[in-house]
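An overview of the molecular structure
For reference, the chains in residue letters:
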Amino acid sequence: MTSTKAYAASNAKDPLAPFQIERRELRPHDVHVEILYCGVCHSDIHQARNEWGDSIYPMVPGHEIVGKISKVGKDVKKFKVGDIAGVGVMIDSCRACKNCINLMEQYCVEGMTGTYNTLERDKKTIAQGGYSSQIVTDERYVYSISSKLDLKAVAPLLCAGITTYSPLRYAGVTKGMKVAVIGLGGLGHMGVKFAVSFGAEVTLVSTSLSKQKDAERLGAHKFLLSTDKKQMKNSDSYFDVILNTVSANHDYEKYLNLLDFNGKMLVVGLPSENPKVSPFALLKNRRSITGSMIGGTKETQEMLDYCADKNIVADVEVIPIQQINEAYERMIKNDVRYRFVIDMSSL
Ligand code: NAP
Ligand code: ZN
Ligand code: ZN
């Protein structure tokens with residue numbers, strides 16, 4: 001076991017604080033990653049504060065991990081010491097069900113093993129995440145990262161990137177489609193970048209007028225202020241696809257009204273309370289709502305390679321780990337431009 005510095009939540013109320021965890025000895029297929037950067041996802045806040053009601057403490061959050069491989073197990077094939085690698089939201093799954101065999105392990109019938117706030121497959125070890133100096137995990141769930149990209153800006157691709165890339169691909173977003181992205185946060189800003197790169201006409205739907213200029217800079221063609229009833233009415237039945245990245249409790253209905261014939265709302269945001277949905281808003285235009293969870297191992301590597309090819313990374317504000325609690329408060333106030341990333345050398 002290797003003693004590892006970390007930051008942890010010890011309950012739903014208190015701020016995160018320095019903590020010590022143990023990382024396991026290398027198994028034959030394990031890699032040992034010295035963590036350089038870890039992005040801060042809103043799911044970290046939901047879970048640290050038990051907003052989904054399933055939190056296991058003490059909890060070291062963090063699932064947007066980029067680091068350097070420092071040791072490899074004897075049967076490791078994909079990596080060598082010195083490689084740059086990424087770990088995302090999932091560190092294991094049953095590997096035998098139809099979804100695992102199809103490399104859609106996030107939909108494993110037994111449930112995927114998350115990077116933190118989950119028991120590992122032995123059903124007793126608590127998985128601990130990336131707000132830590134190192135992680136040991138199976139190479140199957142570790143990704144190759146091109147060293148030509150800015151590594152601190154790559155970290156958010158491991159969750160915010162794949163969580164928006166996967167549903168936009170699944171919905172067949174392509175040239176000429178009208179796509180709305182709701183919420184300009186970590187996921188939303190990646191959603192805008194991907195939808196623009198796939199050739200769609202992209203509109204940012206936001207509660208924050210102050211984000212209009214940034215939306216345009218990120219490539220959005222239009223901006224819709226969701227608190228302005230007139231603007232919302234004028235966009236009634238306009239969009240083919242809506243990517244809903246909202247982290248706070250909200251009703252789906254006012255956004256569903258924006259969908260055109262056969263339009264789809266792709267839900268990735270995970271607020272604590274169930275939203276209100278009117279069947280009438282669904283019947284009109286034969287609209288549908290589809291959920292999507294991160295991406296499988298194959299698609300995550302595909303997304304990272306796509307980003308390296310197109311030079312797509314996140315817009316980040318780098319913080320030392322000592323500012324993590326302040327970063328959480330700013331995210332809750334929608335004051336993040338557009339992903340906090342922890343520089344792990346501060347730990
Ligand atoms: P974030 O950076 O905090 O961004 C969330 C954005 O939601 C805010 O910036 C804000 O954008 C918008 N928003 C906040 N309150 C709102 C309200 N009342 N009504 C409408 N819009 C509101 O969060 P994130 O890290 O992108 O995560 C977003 C959500 O996705 C979280 O719930 C997270 O748990 C979930 N998530 C899901 C998956 C998955 O696999 N499905 C993966 C990762 C994260 P504006 O200021 O532009 O309005
Ligand atoms: Zn996440
Ligand atoms: Zn499985």
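These remarks concern the structure in this document.

On to the overall build of the chain, then. When helices and strands are counted, the chain shows 11 helices and 17 strands. Against the globule reference of 20 Å for 347 residues, the chain gives a C-alpha radius of gyration of 20 Å, in line with a compact fold. Overall, the C-alpha framework of the chain stretches about 60 × 40 × 35 Å when taken along its three principal axes. Considering only contacts in the chain between residues 6 or more positions apart, those separated by 24 or more positions represent 67%. Carbon and sulfur atoms form 52% of the exposed surface of the chain, whose accessible area is close to 14,900 Å². When the 43 positive and 39 negative side-chain charges of the chain are each reduced to one mean point, those points stand 4 Å apart.

Another point: the site of ligand 1. As a matter of local geometry, ligand 1 sits amid 30 residues, with Ser-206, Thr-207, Ser-208, Lys-211 and Arg-339 nearest to it. Between an oxygen atom of ligand 1 and a side-chain N or O atom of Arg-339, the distance comes to 2.6 Å. When ligand 1 is considered free in solution it has 930 Å² of accessible area, and contact with the protein chains removes 93% of it. Put simply, the parts of the chain that give the shell around ligand 1 at least two residues each are α1 (42-48) and α5 (186-197). Here the shell around ligand 1 gets three residues from one element, more than from any other, and that element is α1. Considered class by class, the residues forming the shell around ligand 1 number 13 nonpolar, 15 polar and two charged.

For the zinc ion (ligand 2), every protein donor is listed as Cys-41 (SG), His-63 (NE2) and Cys-159 (SG), and the spread of their distances is 2.0 to 2.2 Å. Read from N- to C-terminus, the donor residues coordinating the zinc ion (ligand 2) fall into the pattern C-x21-H-x95-C. On the criterion of sequence distance, the pair formed by Cys-41 in the loop between β3 (30-39) and α1 and His-63 in the loop between α1 and β4 (65-72) is long-range, its members being 22 residues apart. Cys-41 sits in the buried class, given a relative accessible area of 4%.

Bringing the coordination of the zinc ion (ligand 3) into the picture now. For the zinc ion (ligand 3), every protein donor is listed as Cys-94 (SG), Cys-97 (SG), Cys-100 (SG) and Cys-108 (SG), and the spread of their distances is 2.3 to 2.4 Å. Considering all four donor atoms around the zinc ion (ligand 3), the spread of angles at the metal, 103 to 120°, places the coordination shape in the tetrahedral class. In terms of primary sequence, the donors binding the zinc ion (ligand 3) are separated according to C-x2-C-x2-C-x7-C. Taken as a pair, Cys-97 in the loop between β6 (90-92) and α2 (98-101) and Cys-108 in the loop between α2 and β7 (113-114) lie far apart in primary sequence, 11 residues in all. What makes Cys-97 buried here is its relative accessible area of 9%.

Take helix α4 (residues 160-170) next. Because each turn of an α-helix spans 3.6 residues, side chains separated by three or four positions in sequence point in the same direction. Across the 11 residues that make up α4, a large majority, nine, are buried. Within the span of α4, buried status applies to Ala-160, Gly-161, Ile-162, Thr-163, Thr-164, Tyr-165, Ser-166, Pro-167 and Leu-168. Contacts from the buried residues of α4 go to β10 (178-182), α5, β13 (239-244), β14 (259-267), α10 (297-310) and β17 (339-343). At the exit of α4 stands Gly-172, carrying a positive phi of roughly 70°.

How each quantity is defined
Residues numbered from 1 in each chain as written. Chains lettered and ligands numbered in written order. Predicted model: local features only at pLDDT ≥ 70, side-chain atom pairs only at ≥ 80, totals over all residues. Heavy atoms only, no water. Helix = DSSP H or I, 4+ residues; strand = E, 2+ residues; numbered from the N terminus. Rg over C-alpha atoms; globule rule 2.2 N^0.38 Å. Contact = heavy atoms within 4.5 Å. Areas by Shrake-Rupley, 256 points an atom, 1.4 Å probe, with all protein chains shown as cover. Lys, Arg positive; Asp, Glu negative; His and termini not counted. Charge placed at Lys NZ, Arg CZ, Asp CG, Glu CD. Near = heavy atom within 4 Å. Polar contact = N/O pair within 3.5 Å; in protein donor to acceptor, adjacent residues only side chain to side chain. Nonpolar A, V, L, I, M, F, W, Y, C, P; charged D, E, K, R; others polar. Donors = N, O, S within 2.8 Å, 3.2 Å for Na, K, Ca; no water. Buried < 20%, exposed > 50% of the residue type's maximum accessible area, 1.4 Å probe, protein only. Tetrahedral: all angles 85-135°; square planar, octahedral: opposite > 155°, others 65-115°.

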